[in-house]
Amino acid sequence: MSCAWERRSKHCSELGEVAAYVPDLILSEDLRHEARCVQNFHGVLLFADVSGFTALTEKFSQSVSLERGADELMQTLNDYMGDIVEELLGFGGDILKFAGDAVLVLWRVRETQLRDTISLVLQCCRQIQEKYSVRDTDVGLKLRLKIGISAGHMSLLTVGDRKEQHFLILGKAVGEVWQAQNLASASDVILSASCWELCNQSQVKSKRVKGQGAVKVTGVQRMSVSEREDLFSKFTRAQLNCRSPEMPGVLRPAVALAPHRAQGKVLRKYIPASVLRKIDDRQPLACLSELRPVTCLFVKLQFAAKVNLTQICKAIQDSSVLISEILRPHKGEINKISMFDKGCTLLCVFGLPGGKLPCESVCALESAIKISTACSRRLGKIEAVSVGVTSRTAFCGVVGHRVRHEYTVMGQKVNLAARLMEHYPGLVSCDAATYAASRLPRSYFKELPKAQMKGVGDPGTVYQYLGMSQELMFGLDLMEERSEYGPLLGREEEIALFESALKAYRTYRESSILAFEGVLGSGKSHLLTELASLGQAAGHRVVAVELTELDLKQVYSALRMVLAMALGLQACQSCSARQLVLQAKLQGLMAESSYCLLNDIFLVKFPLSTAVSQMSGTQRQMELELVLKKVLQKTVEEDGVVFVIDNAHCIDSPSWSLMWSVLRDVSIFMVMSFTASHCRRQRLCQAAVDILKLPKTSCVRLGELKPSAVVQKACQALGVVSLPQDLETLLTQRSYGIPYYCEELLRYLLGHDMLLFHPLGKDEKREDKWESLFTSVTEASTTAAARSSSVGKDRRVCTMRPAVTLQNTVLPPTLKGIALAELDSMKPSEQMVLKCAAILGPLFSTELLFHIFPGWSRAKLNKALNALVRCNILKWLNAAKGAEESSVPTEGSGTSLEEESDAQKSSVEESKKRARLESGVLAFCALLLQEAAYELWPKGQRVALHHKCAAFLERHAHKCQCCGGGDFVAFHRLALGSTQEAESCEEHGSDCSWRNWEASLATSEEMKSDELPASMDASSGVLKEKSCLEEIFRAAKRFLAKTEWMPKVPSKTHWTQGVECSCSCKAIVDLVLVPLAQHYMAVGNEARAFYYLLEGAAAYLHVSDNYLAFRNLKKAEVLRTLVAKKGNALACFEEATLLSLKGEVCYRMGQTELAKTTIRKALSLLKRKFPMTSTGAALQLVLEKSEHASHKKNRDSSVPQEAGRQRLPCLFRQSHCLSLLRQLFSLESAAGSRRLSRLAALMKVNTAEESEDASHVLLSYLEYALCCQNLGCREEWLQYGRAAMQLSTEVQLFGGGVLNTASFAQALSHLTLSLGNLPLSVDVGYRAERLCMELQKPDLGCVVLRTLFTALFLQMRYPECEAVLRRLEEQVSGADEIVGQACFFSCCLDLLLDAGWQYKSFEECRRFVEQNEANCLLQVQSSILLGLYSSLALWFARLGQWDNFQKPFEKAKRLLKSTGACLVVSQACSQLLECHSLVLKKDMEHGLWRARESCRRALRLAEEVFSRCSTSPVFYPRVYHLKAYIFLMLGNEEQSLLCLNQGLQACEDHGNLLEKTGLEMSTECWFTGKGPLGDLWLKTAPHFPHLNQAKPEVCSSRYLLKLPALQREDSSPGIKF
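Basis of the calculations
- Residues numbered from 1 in each chain as written.
- Predicted model: local features only at pLDDT ≥ 70, side-chain atom pairs only at ≥ 80, totals over all residues.
- Heavy atoms only, no water.
- Helix = DSSP H or I, 4+ residues; strand = E, 2+ residues; numbered from the N terminus.
- Buried < 20%, exposed > 50% of the residue type's maximum accessible area, 1.4 Å probe, protein only.
- Contact = heavy atoms within 4.5 Å.
- Areas by Shrake-Rupley, 256 points an atom, 1.4 Å probe, with all protein chains shown as cover.
- Pairing = 2+ DSSP bridges.
- Axes fitted to C-alpha atoms, helices over the stretch in contact; angles between N-to-C directions.
- pLDDT = per-residue confidence, 0-100.
- Lys, Arg positive; Asp, Glu negative; His and termini not counted.
- Salt bridge = Lys/Arg side-chain N within 4 Å of Asp/Glu carboxyl O.
- Polar contact = N/O pair within 3.5 Å; in protein donor to acceptor, adjacent residues only side chain to side chain.
- Expected span 1.5 Å × (residues − 1).
- Phe/Tyr/Trp six-rings, centres within 6.5 Å; stacked < 30°, edge-to-face > 60°.
- Parallel < 35°, antiparallel > 145°, perpendicular 65-115°, else oblique.
- Left-handed = near helix turned anticlockwise from the far one by under 90°.
- Nonpolar A, V, L, I, M, F, W, Y, C, P; charged D, E, K, R; others polar.
- Bend = angle between axes of the 7 residues up to and from the residue.

All right, on to the overall build of the protein chain then. What the protein chain contains, in helices and strands, is 64 helices and 29 strands. The 1617 residues of the protein chain split such that 60% are buried. Within the protein chain, counting contacts between residues at least 6 apart in sequence, those at least 24 apart form 77% of the total. Carbon and sulfur atoms make up 51% of the accessible area of the protein chain, which amounts to about 65100 Å² in all.

Quick look at the structure:
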């Protein structure tokens, strides 16, 4: 059965919706009077208080999770309160007021009907207590009801002005009903003494309340339904709230009021302005309720003892008007006016929807002091005014029933404000939260003694607010103390500017004004404190003051404080003391007759001189300016004062005017800070603008801190040296680089016990665990913790408490208040746009926003979006919509302080351009605003919008067409159960994958009639090598022919039918997959959310973003735990996919052992076990070869297509896992590991063939060929390479998208390079590069560019090499592209060593290696490290720096044992062989006995390198060259000549011009004696010319391999064995 709140009222009219906020007493025709009208009547009052509401509100408001929202709280409250109200209405009651968690009800009757009415009310109470005495809630708290009843004469008073009106009930009965309720315990009904005398005591069982005249009702004689109806009909017939026969079932006829303009206008005055705005916006009731940070004022007006009703009414009327006038400028509202035993109390609220201000606490405190002062002075009948002020999150929303409700504010802090008002009479008191939020000087407050308060455990520190007075206007120093942690973080540029300007001022007396502008919380005060400290350290006297909003309203306030400190008046509290100091300071500077001009400035009382009295106002102003100039000049000249003014935007206009006239001529050094213009409530006056335009003024906008500075600041604040990666991400994203936001986030997390700390041992190593995969220990050397560690104390690290999910936590109230202040300053239409956009996430498309937006045209939506972009609330992300935000000011002189008008003009022009755009991608400039707007949605509406978004996005949840379409986890949707499939929309991606597979099946059917390549058939024998080479080269030429039409410059057009040439997968994962997971999480569909978390992780891996993949997988693990707690289980395939993706992330992050373990588990779940031991691997290898040989037979009896379709997800996931294992084991040198690598590659081939997907089979052949190349198996490498080439002719080129084509092109380029066909490799490489540029895949692009560079380099095409290196450098510029950077620097070293050209200097390359050699990502790439170490060793060997040579040489030798025979290794081996050759040369020059061992090592390595080059024959010429050198040093000229000729022939065959040049040079030098006179390489090193100077016709400077000096001198034949 639905509750009363959920049951909508029938016949509800538009006027009835407004009437629901006021009682029937106001709606009565005879009560429509002007304010201050008093109406007298008799009646019965019932006051029902629900205990537990406040505790329930606190539980929701303190929750850190979005699961507990305002709508749930409202639902819980109103489910209970609505049922009670429905009973009260059913018995004829008129709901007068909802006083927070209580309700005041009136039965207005004639005096003679009071007896019967009390009986009826008691029947109502009995029924309510029977039904609703106690109610349990979902959060474990109980709601209980207690009731007080009184009866008698009372009065209605209506007060207010033309804009708003309020009503209250006066009389003895009002005080009695409150006292009766106060005497009641839970489930009690108490009758006041008067009510007990008036009631029918014979029908009531009672018990006298001890010490009181009131009685407790213990029993009531039950009335029959007919008796109750008869009694009810006696006194309700003439009332509005009667049961109308025309509207049966309508509880309250007022909801069906006919339209009446005059009546509606009157009723609207009783409704808060914040509610009227939402009613006019046609927002439902649920949207009116929020958990919102507000500031509450409880005001108590204590009347004199001897005062009559007329005087009370006048005083309340006057006070209400006065208070409203004080509140309105600050957007405060009177929420309730009541008259109980407390006198007249008013609940005033700041920060309600639409009225949030950044300086809310200051406004509230200043309003409180004004209310206290004004009411005490102007209203004579008021003895005392007490005000309690509190700040915190409270429930702001609708309470009651759908036909009668009110907008109210409730919470623990609201109650505390009432208690402060009671316990500190005659004062303006506030809690610690308000004191801290105001950020006013301490001198404005006075700490009060603690008091025991009812219902309040610990109120904390309580302060009396004193406000600003003349005595407090002197000596206000900067609030901030210099950071104990040392230098200010992230403001190095600002400090450097200050120091430079200060030096110029000190040396040349150059006047300078530095104006720093920043948003609230950007650290302006901290910066100025630091600058003041630096000024003092430089020997200057610093005059530093901090202004507040209050100073704006005090004439000469700012100038008074600055000059008072400059003249030493800050210690002078009395007028006479100030006069004495001024006379001493000004003696000789001005005539005594002019002293009186300073009276208003310094609050002194010099007698008015005759000369001054005869001056006009203008003359006095000019004379005052002259005096101030002299005072400033003297102060500056004597002391070299540096003036520091924080919050300079709070300088009053008269002070600015005087400063303007003074600063034009006086040489002065001043530093000021301003709040950003869009955050200020008032614009700067003209004098201030003129000062900021002076040539001596430098305006600087404080930008956000860099992420590294934010993390370092957090480490300082927590006293730790490391933060978990999730916390780093939260702080950098949510703080938006603003220091105050970072501090508040940390304070909130600490307050809710979400962080853990433990000591970090001196030699502690990071564990190889998944959880710590991305944890980076950021050493904060400037933190107190780091300093304490130097004296022996343990440092600490911070971790997250288990089961804490930071991304789901709500905003801290302080930050939410800041965001709401910005949100409330916007137009209602803009607010609605932002709220809808917040549902979509930090990034969103305008198409989706338009899809969910209710009833707006595209033009109207674009207009609102453009307005938000101009205000820097949103920003366009895609280039087409203006990625270059010209409306965003940059640092320097062009700040908003100077160029607000210019920025406005440019933003208008920008908006005109954008208005023409139909769609685009937008992002929130600050996530803070997005999160705050999101939290405003009621849960029900939020869930509905999430459903709508998910339905829209699922149509786009697939790879882009450029990458072949389909799921990121191949055929993922086919693995879903039928239930989940039914829950999703029509899915384009799945259809695309299925179509691709069907196309592959057609290709496979054509292949069934063909025999497998003879090389793969044991009965066919081994094909000749020449045939293999020809087949591979023909395939490369076919590929070039097929792609001949490709544009040389990448474009955003379509290449072929239905295939895009630009990858949009990054946009898809950001705008589709990640939001989909969030949407399904929000609606509670864990299965679909888990699915899209896996898709998102796979997509991030697809676009090479390992960290975001890791974060998605972490979320998936948390969700898996949640699902398990509910007793559900994941599908086996989903679990395997999670493990495989985790394994892939581990592999990419260098955690190889964890990766292997995790991937093996995934394969086990996929029913494809991978052996653990070498023996098992050998056996499995035999089985796999057997299966591979019988594949043709198996294909002839393949399963039906539908059954095969269901196996596709598992087969493709198996294949992916096997590919990862192949790569992992290929990194190890042990024989067992190489066997496992080969096994994984072969298993992938078999799995691919089982899938019958031609593209899949093709790529598996290429991977197996690569595996054979790394193992040095030349025959199989060529056979599978040839097989792949044959298959490529039968596979549609773009059937699997551009990605498959790019992967094939990369493999083809690598294969042709390895085989030595350099021109062909270059041509294919360029095609592969263009494909990769469109795909935007840096991993693949890096491999392509590395291969292309090598091919170009060997052909000495240096200008093209320079272009390729430039693109490679751009591609690997990211901090996480460490492997790509290693490849780049390896190429740079190759240039230096083999060509004598420089792109990066040797020292830069060396520095990179030394700084990153310990990186776990690089350590697993042994082949790349081998190349780097061998290059470094070779450099030192050539230059004869043998001390530096030994370390990289030994590292290279160790790595040689753990590498295979790939292309990179072959090149590195040739460099290492040259190192051995040069060592042999050195040893031979120092003695034959040392050379013998070197000779053996060199010869042994030469044979090994020659063997390794069998799968990379392109490097044969280099090996021949070095072997010739070794043979020549050994005295074997014949063998040396043979090797040289073989090398030259290989160069001719391969087109290797680079080595050909070296071979020719060596031949000429060694055997003809006509070589170069000197070694050009040695002469030039290390200062080689830059590569951009290279021209095709310019020959490189090659290093000359010279013979040992001993052999030339002694003509020794060499070493003999």
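This part covers the sheet that holds strand S25 (residues 843-845). Judged by pairing direction, the sheet is antiparallel, and its three strands sit side by side in the order S25-S27-S26 without closing on themselves. The sheet is open, and its two edges are formed by S25 and strand S26 (874-876), each paired on a single side. Pairs of neighbouring strands in the sheet enclose a mean axial angle of 30°, with direction left out of account. Lying on the sheet, helix H31 (residues 858-870) is in contact with S26 and strand S27 (921-924); it crosses S26 at an angle near 100°.

This part is about the confidence of the model for the protein chain. For the protein chain, per-residue confidence averages 80 on the pLDDT scale, and 83% of positions sit at 70 or higher. Mean pLDDT values over the elements of the protein chain span from 36, in strand S28 (residues 1054-1056), up to 96, in strand S15 (residues 428-431). Contacts for the low-pLDDT stretch residues 763-768, under 50 throughout, to residues beyond four places or in other chains number ten contacts.

Moving on, we get to unusual backbone geometry. With an omega of 0°, the peptide bond running from Ala-1581 to Pro-1582 counts as cis. Relative to the helices and strands, Pro-1582 is located in the loop between helix H63 (1576-1580) and helix H64 (1605-1610). At Arg-439, a residue that is not glycine, the phi angle is positive and equals roughly 55°. With respect to the helices, strands and loops of the structure, Arg-439 is situated in the loop between helix H14 (432-438) and strand S16 (445-448). Residue classification places Arg-439 among the partly exposed residues on the basis of a relative accessible area of 42%. Phi at Glu-1252 is positive, roughly 60°, even though this residue is not glycine.

With respect to the helices and strands, the residue Asp-646 is situated in strand S20 (residues 642-646). Look at Asp-646: it is buried, it has no salt bridge, and the nearest opposite charge is Lys-524 at 6.2 Å. One polar contact links Asp-646 to Ser-525, side chain to side chain, over a distance of 2.4 Å.

Sheet faces and side chains relate simply in a regular strand, where the side chains alternate between the two faces. Extensive coverage of strand S19 (residues 542-546) is indicated by the burial of five of its five residues. Burial along S19 is two-sided: Val-542, Ala-544 and Glu-546 facing one way and Val-543 and Val-545 facing the other are all buried. Relative to S20, S19 runs parallel, the two being bridged by five bridges. Its bridge partner being in S20, Glu-546 is matched across the sheet by Asp-646.

The next subject is helix H34 (residues 939-953). The end-to-end C-alpha distance of H34, which contains 15 residues, comes to 21 Å, matching closely the 21 Å that a straight helix rising 1.5 Å per residue would cover. Its buried side turned inward, H34 meets helix H29 (828-840), helix H30 (846-852), helix H33 (927-935) and helix H38 (1065-1083).

Here we take up the packing of aromatic side chains. A complete count under the given rule lists 36 aromatic pairs for this structure. Between Tyr-435 and Tyr-463 the ring centres are 4.2 Å apart and the planes differ by 15°, which places this aromatic pair in the stacked class. Linking Tyr-435 in helix H14 with Tyr-463 in strand S17 (residues 462-465), this pair joins segments that are 28 residues apart in sequence. Exposure class is identical for Tyr-435 and Tyr-463. Each is buried. Here Phe-498 and Phe-669 contribute two aromatic rings whose centre-to-centre distance is 5.7 Å and whose plane-to-plane angle is 70°, an arrangement assigned as edge-to-face.

Another point: the packing of helix H57 (residues 1442-1456) against helix H58 (residues 1463-1486). Where H57 contacts H58, the axes come no closer than 11 Å and their chain directions differ by 135°. Accordingly, the angle class assigned to the pair H57 and H58 is oblique. Remark: the crossing between H57 and H58 carries left-handed chirality. Of H58, the residues touching H57 (which contributes Trp-1442, Phe-1445, Phe-1449, Ala-1452, Lys-1453 and Leu-1456) are Cys-1469, Leu-1472, Cys-1475, His-1476, Leu-1478, Val-1479 and Lys-1482. In terms of residue class, the contact of H57 with H58 is made up of ten nonpolar, one polar and two charged.

Looking now at the environment of Ser-1494. Tracing the backbone through its elements, the reader meets Ser-1494 in helix H59 (residues 1488-1508). As for Ser-1494 and Asp-1483, which are separated by eleven residues in sequence, their C-alpha atoms are 7.4 Å apart. Ignoring sequence-local partners within four residues, the contact set of Ser-1494 consists of Val-1479, Leu-1480 and Asp-1483.

The subject of this paragraph is the sheet that holds S20. In a beta sheet, neighbouring strands are held together by backbone hydrogen bonds and run either parallel or antiparallel to one another. The five strands lie next to each other as S19-S20-S21-S18-S22, forming an open sheet whose pairing is parallel. At either end of the open sheet lies a strand with only one pairing partner, and these are S19 and strand S22 (697-701). For this sheet the average axis-to-axis angle between neighbouring strands, irrespective of direction, equals 15°. Looking at chain direction, strand S18 (residues 512-518) and strand S21 (residues 669-675) are connected through seven bridges and run parallel. Bridge pairing in S21 links Glu-517 to Phe-674. On the sheet, helix H16 (residues 524-537) packs against S18, S19, S20 and S21 and is oriented at approximately 170° with respect to S21.

Taking 1.5 Å per residue as the helical rise, H38 with its 19 residues ought to reach 27 Å, and the 25 Å between its terminal C-alpha atoms agrees with that figure. Bending of H38 peaks at approximately 25° at the position of Pro-1075. Within H38, 14 of the 19 residues are buried, which leaves it mostly tucked inside the rest of the structure.

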